Amino acid sequence: MDTLRPILLILHVAVAATAFGVSLAPSGTLKRAKALGWDALRAATVDFKRRDGMAAIAGFLVLVTGLALIMAVGGFKGLPPEYHAALGIVVVMNVLGAVFNRPTANKLIAAAQAQDEAGVTAGIKRAAMGAGIMQLLWTVTLVLMFLHRF
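What this report covers is the structure whose coordinates are included nearby. Values in this document were obtained by computation on a predicted structure and should not be read as measured data. (Residues numbered from 1 in each chain as written. Predicted model: local features only at pLDDT ≥ 70, side-chain atom pairs only at ≥ 80, totals over all residues. Heavy atoms only, no water.)

**Thoughts on a nonpolar patch on the surface**
Note the threshold: Note on patches: the residues involved have over 30% relative accessible area and no salt bridge, like charges join within 9 Å, and the nonpolar side chains Val, Leu, Ile, Met, Phe, Trp and Tyr join within 5 Å. Each accessible area is a Shrake-Rupley result for a 1.4 Å probe, and residues are judged covered by the shown protein chains and nothing else. We define a salt bridge as a contact between a side-chain nitrogen of Lys or Arg and a carboxyl oxygen of Asp or Glu at a distance within 4 Å. Numbering goes from the N terminus for both helices and strands, where a helix is a DSSP run of H or I of at least four residues and a strand is a run of E of at least two. Accessible area is worked out with a 1.4 Å probe on protein chains only. A residue is then buried under 20% of its type maximum, exposed over 50%, and partly exposed in between.
Side chains of I57, F60, L61 and V64 sit close together on the surface and give an oily, nonpolar patch of about 360 Å² of accessible area. Residue position: I57 is located in helix α3 (residues 38–72). Residue classification places I57 among the exposed residues on the basis of a relative accessible area of 56%.

Here's what the structure looks like:
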């Protein structure tokens, strides 16, 4: 078990960094693409959905590796409350990604395909809000992890 824990921890941190990184600043990219025209915007919306998918996979892997780390140290019983809170936040982020970010990406693609200016503008605002919420939650989770380390 002693060799498994550092490997799990490295994997856990790597997928968390991936989830955090791929979801940075979607609204800026979408706004710049919108200024370049519909073709650029359509490509940017597809890229946004792809990045959202990568963030979703990485977010799920953060949950799985976090649970594996908890089990590697003996389970939930001796875990500090910060870890319980962080686990809850990661679950919330996974749900938020599924019910908020993914539909936003799909609506943005549809609006760009239909050249719906109002739909694109609303979608970019929703994407920015979703990204901001996720980044805040990731930051809170990171702070909680550093309060007590494995």
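**A short note on unusual backbone geometry**
Residues other than glycine seldom take positive phi values, yet Q115 does so here, at roughly 55 degrees. Mapped onto the secondary structure, Q115 falls in the loop between α4 (81–113) and α5 (117–147). A residue is classified by how much of its surface remains accessible, and Q115, at 44% relative accessible area, is partly exposed.

**Structural notes on the environment of L9**
Looking at the element boundaries, L9 is found in helix α1 (residues 4–22). Given the relative accessible area of 35%, L9 is considered partly exposed. Between the alpha carbons of L9 and G75 there is a distance of 15 Å; along the sequence they are 66 residues apart.

**Comments concerning helix α2 (residues 26–36)**
Heads up, the condition is: Read the arc as the range of directions from the helix axis to the C-beta atoms.
For α2, the complete set of buried residues consists of P26, S27, L30 and A33. An end-on view of α2 places all buried positions within 130 degrees of arc, on one side of the element. Opposite its buried face, α2 presents the exposed residues K31, R32, A35 and L36, each directed more than 90 degrees away. The first or second residue beyond α2 is G37, which carries a positive phi of 120 degrees.

**What about α3?**
Condition: How far a helix is expected to stretch is found by multiplying one less than its residue total by 1.5 Å.
If you check α3, its first and last C-alpha atoms are 50 Å apart, about what 35 residues at 1.5 Å a residue would give, namely 51 Å. One or two steps after α3, the chain reaches G74, where phi turns positive at roughly 110 degrees.

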